[in-house]
Amino acid sequence: MRIFVTGVGGQLGHDVMNELAKRGYEGVGSDIAPSYSGIADGTAVTTMPYVQMDITDKTSVEKVIKEANVDAVIHCAAWTAVDAAEDEENQPKVRLVNVTGTQNIADVCKELDIKMLYLSTDYVFDGQGTTPWEPDCKDYKPLNVYGQTKLDGELAVSGTVNKFFIVRIAWVFGKNGKNFIKTMINLGKTHDTLSVVNDQIGTPTYTYDLARLLVDMIETEKYGYYHATNEGGYISWYDFTKEIFRQAAAMGHPEYLPENMTVNSVTTAEYGASKAARPFNSRLDKSKLTANGFTPLLLAGCTWTVSERTGFLKKSGKTLKSLVFCRIFYSSLCSFLLLRCLPYSA
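None of these values were measured; they are calculated from a predicted model. (Residues numbered from 1 in each chain as written. Predicted model: local features only at pLDDT ≥ 70, side-chain atom pairs only at ≥ 80, totals over all residues. Heavy atoms only, no water.)

A. Up close: the confidence of the model for the protein. Of all residues in the protein, 86% have pLDDT values of 70 or greater, and the mean over the chain is 88. Under a pLDDT of 50 for its full length, residues 300–329 has, in the predicted model, 80 contacts with residues more than four places off or in other chains. (pLDDT = per-residue confidence, 0-100. Contact = heavy atoms within 4.5 Å.)

Structure, rendered in structure tokens:
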């Protein structure tokens, strides 16, 4: 099987390409840069076939994907800067990338009669209540420009392609690109007090695990809407931040200890700094995965050690292990990212 992947310069596209290589599939990566622009980590994606493509250029999309001669497209590329999307001068480009670009890809997939997998977001809903959103729910009500354009991208795919997967994800982090973990660690280097919201609730999604599921899906013909995050309980951004700093301190960085770093728990209204409205309820119902025979993303942190996830990490001659806990369930995943964000000291 030969798969075309957009957005390989980002954190998810990077991991999807590596997952394809792991399984012996031919992956063709693309992004807007002239050559692969992600991290030079020595993984397969850095040497796999790559072609420059501007998804907003319909002629280019048609030419590139047809010449790639692929069986499916996994569309990871998107405008994801949620607050910047609210700026009036950016809105035409956000729509061009998230809607027009997606339509361009969908048109080619329909013409070639090939599979298309589109990544979307819980932001297509209004984030009210506490009930997890079901994948086939059509009660759409985006709160911001980003969410509206991702919804319009969904509609472009579902209204055009016969063989489609639409996978909504939330709170994504991976080693290649910007994410919440890296942001908090960098803020912690320059601040001794932070305020983080406690009333936006969801579940983090690790791109390494998500990539496995996406390739599982593209191997099948079980088309439709799905939700995917790592398994476990629901947490707030405040909970996530506290665990990130706990992990950082355990890795030998005392500046993140509670006595050196204060994290204040505040409501969204008290925080009040975001241009874009955020959903309070990012809980996603993932039961459709198992109902269709897919293996969910793993329960992170409750049974794994850091060494099982990242190789043997040494500190003072001892293997640093993740604590077992389930309320904040992703500690081993945090650790993987933290190793890339913090200067390591033996």
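Once the structure has been displayed, the description carries forward.
B. Up close: the nonpolar core. In this structure, F4, I65, V70, V73 and I105 are the most contacted members of the largest nonpolar core, which totals 32 residues. Taken together, the elements giving at least two residues each to this core come down to α2 (58–68), α3 (91–112), β5 (115–121), α4 (145–158) and β6 (164–169). Tallying contributions element by element places α3 first for this core, with six residues. Aside from chain neighbours lying at most four places away, what touches F4 is V28, S30, V51, M53, V64, I65, A68, V70, A72, V73 and I74. In terms of nonpolar packing, the next biggest core, distinct from the first, is built from 30 residues, V8, F165, A211 and L214 among them. (Core = buried A, V, L, I, M, F, W, Y, C linked by side-chain atoms within 4.5 Å. Buried < 20%, exposed > 50% of the residue type's maximum accessible area, 1.4 Å probe, protein only. Helix = DSSP H or I, 4+ residues; strand = E, 2+ residues; numbered from the N terminus.)

C. How the structure looks around the environment of M261. For M261, the position within the fold is in the loop between α7 (237–250) and β14 (262–266). Residue M261 is classed as buried on the basis of its relative accessible area of 3%. Each C-alpha atom of the pair M261 and L194 lies 7.9 Å from the other, and the pair is 67 residues apart in sequence. Residue contacts for M261: discarding those within four places in its chain leaves G188, H191, D192, T193, L194, F245, E255 and Y256.

D. Summary view of the packing of α3 against α4. Where α3 contacts α4, the two axes come as close as 8 Å, and the packing angle between them is 15 degrees. Put simply, α3 runs roughly parallel to α4. The two elements α3 and α4 meet at a crossing, and its hand is right-handed. Residue-level contacts link Q91, V94, R95, N98, V99, T102, Q103 and A106 of α3 to V145, Y146, Q148, T149, K150, D152, G153, A156 and V157 of α4. (Axes fitted to C-alpha atoms, helices over the stretch in contact; angles between N-to-C directions. Parallel < 35°, antiparallel > 145°, perpendicular 65-115°, else oblique. Left-handed = near helix turned anticlockwise from the far one by under 90°.)

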